[in-house]
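Notes for the structure review
Chain residues, written in single-letter form:
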Amino acid sequence: GDSVTQMEGPVTLSEEAFLTINCTYTATGYPSLFWYVQYPGEGLQLLLKATKADDKGSNKGFEATYRKETTSFHLEKGSVQVSDSAVYFCALSPDTGANSKLTFGKGITLSVRP
Amino acid sequence: DTEVTQTPKHLVMGMTNKKSLKCEQHMGHRAMYWYKQKAKKPPELMFVYSYEKLSINESVPSRFSPECPNSSLLNLHLHALQPEDSALYLCASSQIQVRGYTFGSGTRLTVV
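As the structure is a prediction and not an experimental result, all values here were calculated from the model. (Residues numbered from 1 in each chain as written. Chains lettered and ligands numbered in written order. Predicted model: local features only at pLDDT ≥ 70, side-chain atom pairs only at ≥ 80, totals over all residues. Heavy atoms only, no water.)

With that settled, consider the sheet that holds strand S1 (residues 4-7) of chain B. Residues and elements named next belong to chain B. Here we have 4 strands laid out as an open sheet, ordered S1-S3-S8-S7, and antiparallel in their pairing. Only two strands of the sheet have a single partner each, and these edge strands are S1 and strand S7 (64-70). Looking at each pair of strands side by side, their axes are set apart by 20 degrees on average, direction ignored. Pairing geometry for S7 and strand S8 (residues 73-79), over 5 bridges, is antiparallel. Residue pairing for S8: asparagine 70 is matched across the bridge by leucine 73. (Pairing = 2+ DSSP bridges. Helix = DSSP H or I, 4+ residues; strand = E, 2+ residues; numbered from the N terminus. Axes fitted to C-alpha atoms, helices over the stretch in contact; angles between N-to-C directions.)

Here's what the structure looks like:
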């Protein structure tokens with residue numbers, strides 16, 4: 001079945017540091033890939049997405065590129081801020097089915113120090 | 001309106017109580033979802049409604065009863081819950097055939 005693997009956390013960075021959060025997936029066909037962010041005490045917000053190979057999703061300074069050859073969708077940001085402290089989930093949705101479910105990775109907690 | 005609204009935000013209920021969670025969206029999405037999220041874990045799918053019909057039930061206990069009265073509303077009726085059912089319950093919606101959900105902010109449920 002489909003699966004998403006995220007790097008182990010938590011991750012603690014200083015403000016303005018470079019961020020990379022690794023995500024790899026296993027799925028048949030051409031799934032859509034997502035990064036969701038969950039701030040403390042809140043629901044999930046879609047951060048960015050990519051629906052086909054080599055697509056780059058970007059939002060709020062975050063970027064991720066859909067790499068079919070390495071089955072990866074790593075999240076990057078050049079300069080993190082304290083306000084980026086949150087839990088980040090990588091997820092996929094398969095390319096078949098009208099309302100197919102999201103498969104999530106375990107999530108990783110990011111803490112950014114001033 | 002690009003939001004999914006969930007009420008209440010917090011709920012404390014006894015094991016013999018009956019309560020309902022409500023979810024509403026006005027984006028014209030025809031797929032709606034209930035997820036359960038325990039602390040420090042990813043969300044787990046419970047139910048999917050497509051065109052107001054239940055299409056996926058992920059083997060959820062019968063003490064959870066979903067209802068989709070119209071294309072904008074999704075309810076989750078709760079009865080005889082257990083303390084281990086305490087969690088954040090998230091509602092989401094999406095267009096059919098367009099992947100990418102919009103999540104609500106959730107109802108934090110505590111069963112005592």
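Here the focus is the sheet that holds strand S8 (residues 62-65) of chain A. Residues and elements named next belong to chain A. Spatially, S3-S9-S8-S7 is the arrangement adopted by the 4 strands of the open sheet, whose pairing is antiparallel. The sheet is open, and its two edges are formed by strand S3 (19-21) and strand S7 (56-59), each paired on a single side. Geometrically, the sheet is characterised by an average inter-axis angle of 15 degrees between neighbouring strands, direction not taken into account.

What follows deals with the side chain of serine 72 of chain A. Residues and elements named next belong to chain A. By secondary structure assignment, the location of serine 72 is in the loop between S8 and strand S9 (75-77). The exposure class assigned to serine 72 is buried, which follows from its relative accessible area of 4%. A polar atom in the side chain of serine 72 sits 2.8 Å from the side chain of threonine 70. Discounting residues that sit within four places of it in the chain, serine 72 has contacts with Cys23, Thr24, Tyr25, Leu33, Thr65, Tyr66 and Arg67. (Buried < 20%, exposed > 50% of the residue type's maximum accessible area, 1.4 Å probe, protein only. Polar contact = N/O pair within 3.5 Å; in protein donor to acceptor, adjacent residues only side chain to side chain. Contact = heavy atoms within 4.5 Å.)

Residue and element names in this part refer to chain A. Mapping threonine 12 onto the fold places it in strand S2 (residues 11-14). Exposure remark for threonine 12: the relative accessible area of 45% places this residue in the partly exposed category. Expressed as a C-alpha distance, the spacing of threonine 12 and serine 85, which sit 73 residues apart in the sequence, is 9.0 Å. In this view, threonine 12 contacts Ser111 and Arg113; residues no more than four positions away in its chain are not counted.

All names here are of chain B. As for its placement among the helices and strands, glutamate 44 is situated in strand S5 (residues 44-50). Note on glutamate 44: relative accessible area 47%, which makes it partly exposed. It is 22 Å that separates the C-alpha atoms of glutamate 44 and serine 72, two residues lying 28 residues apart in sequence. Those residues within four positions of glutamate 44 in sequence are excluded, and the remaining contacts are Trp34, Tyr35 and Lys36.

Another aspect to go through is the interface of chain A and chain B. Residue-level contacts link 23 residues of chain A with 25 residues of chain B. For the pair chain A and chain B, the interface holds 0 salt bridges. The interface formed by chain A and chain B includes 4 residue pairs in polar contact (both at pLDDT 80 or more). Residue assignment for the side of chain A that touches chain B shows that the elements contributing at least two residues are strand S5 (32-38), strand S6 (44-50) and strand S10 (86-93) of chain A. The leading source of residues in the side of chain A that touches chain B is S5 of chain A, at 4 residues. (Salt bridge = Lys/Arg side-chain N within 4 Å of Asp/Glu carboxyl O.)

Glancing now at the pairing of S7 of chain A. Residues and elements named next belong to chain A. Of the strand pairs in this sheet, S7 and S8 are connected by 4 bridges, and their pairing is antiparallel. Along S8, the bridge assignment pairs serine 58 with glutamate 63. Connecting S7 to the next strand, S8, in antiparallel fashion are 2 residues, including lysine 60 with a positive phi near 55 degrees.

It is worth spelling out the state of the cysteines at this point. Residues and elements named next belong to chain B. In the structure shown here, the tally under the stated rule is 2 disulfides over all chains. Here cysteine 23 is linked by a disulfide to cysteine 91, with a sulfur-sulfur distance of 1.9 Å. Measuring handedness by torsion sign, the sulfur bridge of cysteine 23 and cysteine 91 sits at about -70 degrees and is left-handed. One end of the pair, cysteine 23, is in strand S3 (residues 18-25); the other, cysteine 91, is in strand S9 (residues 87-94), with 68 residues separating them in the sequence. On the accessibility criterion, cysteine 91 (0% relative accessible area) is buried. The cysteine cysteine 68 is free of any disulfide, with cysteine 23 supplying the nearest cysteine sulfur at 9.1 Å. (Disulfide = S-S within 2.5 Å.)

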